[in-house]
Amino acid sequence: MSAIHDFKDLKIWQKGMDIAEKCDFLTKLFPKDELYGMVQQIRRAAASIPANIAEGYGRRSTPEYIRFLNIAQGSINELQTHILLSQRVGLSNQKELELISSLLREESRMIIALIKKLET
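Just so you know, these numbers come straight off a predicted model, no measurement behind them.

A. Highlighting the overall build of the protein chain. Assigned secondary structure in the protein chain consists of 4 helices and 0 strands. Element order for the protein chain, N to C, with α for helix and β for strand: α-α-α-α. At 15 Å, the protein chain has a C-alpha radius of gyration in line with the 14 Å of a compact globule built from 120 residues. If you line up the protein chain on its principal axes, its C-alpha atoms span 45 × 25 × 20 Å. For the protein chain, with 120 residues in total, the buried portion stands at 42%. Considering only intrachain contacts with a sequence separation of at least 6, the fraction spanning at least 24 residues in the protein chain is 70%. Accessible surface computed for the protein chain: about 7,100 Å², of which carbon and sulfur atoms make up 56%.

B. Up close: the nonpolar core. Counting 32 residues, the largest nonpolar core has Ile53, Leu69, Leu79, Ile83, Leu104 and Ile111 as its most contacted members. Considering each element in turn, this core owes the most residues, 9 residues, to helix H2 (residues 35-59). With sequence-adjacent residues up to four places away left out, isoleucine 83 is seen in contact with Leu26, Ile42, Leu97, Ile100, Ser101 and Leu104.

C. Main features of helix H4 (residues 94-119). Compared with the 38 Å implied by 1.5 Å per residue over 26 residues, the 37 Å span of H4 between its first and last C-alpha is a close match. Looking at the buried side of H4, the elements it contacts are helix H1 (11-27), H2 and helix H3 (62-88).

D. Quick look at the environment of isoleucine 83. For isoleucine 83, the position within the fold is in helix H3. Residue classification places isoleucine 83 among the buried residues on the basis of a relative accessible area of 0%. For isoleucine 83 and methionine 38, which are 45 residues apart along the polypeptide, the C-alpha to C-alpha distance reads 9.1 Å.

E. Highlighting the packing of H3 against H4. One can describe the packing of H3 onto H4 by two numbers: an axis separation of 10 Å at closest approach and a directional angle of 160 degrees. Relative to H4, the element H3 is oriented roughly antiparallel. Handedness of the H3/H4 crossing: left-handed. When grouped by side-chain class, the residues that make up the contact of H3 with H4 number 15 nonpolar, 9 polar and 3 charged.

Reading guide: rules and limits
- Within each chain, residue numbers correspond to sequence positions counted from 1 in written order.
- Two thresholds apply to this predicted model, a pLDDT of at least 70 for residue-level local features and 80 or more for giving and counting side-chain atom pairs, whereas whole-chain, interface and lining totals are computed over all residues.
- Each side-chain value is derived from all of the structure's non-hydrogen atoms; neither hydrogens nor water enter the calculation.
- In DSSP terms, a helix is any run of H or I states spanning at least four residues, a strand is any run of E spanning at least two, and both are numbered starting from the N terminus.
- C-alpha atoms define the radius of gyration, and 2.2 Å times the number of residues to the power 0.38 defines the globule rule.
- Three exposure classes are used, based on accessible area relative to the maximum for each residue type with a 1.4 Å probe and protein chains only: buried under 20%, partly exposed in between, and exposed over 50%.
- Residues count as neighbours in contact if any of their non-hydrogen atoms are within 4.5 Å of one another.
- Residue-level accessible areas treat just the shown protein chains as cover; the underlying method is Shrake-Rupley with a 1.4 Å probe.
- For our purposes a nonpolar core is just a set of buried Ala, Val, Leu, Ile, Met, Phe, Trp, Tyr and Cys residues, chained together by side-chain atoms within 4.5 Å.
- By definition here, a helix of n residues has an expected span of 1.5 Å times n minus one.
- Helix axes use the C-alpha atoms of the stretch in contact, all axes being lines fitted to C-alpha atoms, and the angles between their N-to-C directions lie in the range 0 to 180 degrees.
- Throughout this description, any angle smaller than 35 degrees is read as roughly parallel, any larger than 145 degrees as roughly antiparallel, any in the 65 to 115 degree range as roughly perpendicular, and the remainder as oblique.
- For any helix crossing, the convention is left-handed if the near helix is rotated counterclockwise from the far helix by under a right angle, and right-handed if that rotation is clockwise.
- Residue classes follow a fixed rule: Ala, Val, Leu, Ile, Met, Phe, Trp, Tyr, Cys and Pro count as nonpolar, while Asp, Glu, Lys and Arg count as charged, and any other residue, Gly among them, counts as polar.

Dropping the structure here:
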């Protein structure tokens, strides 16, 4: 197991960054008329996940860290909603959307586990 020196060493932050990157690539394929609609919403929610993990880690207080992990969890739920809506309205490849949904479920489980560990 490697040591954690800063937020970039956190697996949950790394996975969050992977999700945000995949969402950026995915939304580049969306119709141009969605640029200020679904594209913006997906990118903002996706970027919020690792950003809140990093911000919480930087607070150096367990209650503050937990609060920001909970905010990241909320962003996961928001992003999952946008992904499901994108599927429903046929904005993108079903396989890509399902991949992101799977990554979001993994990230959610990791965040919940970390919160439980920090609360003990």
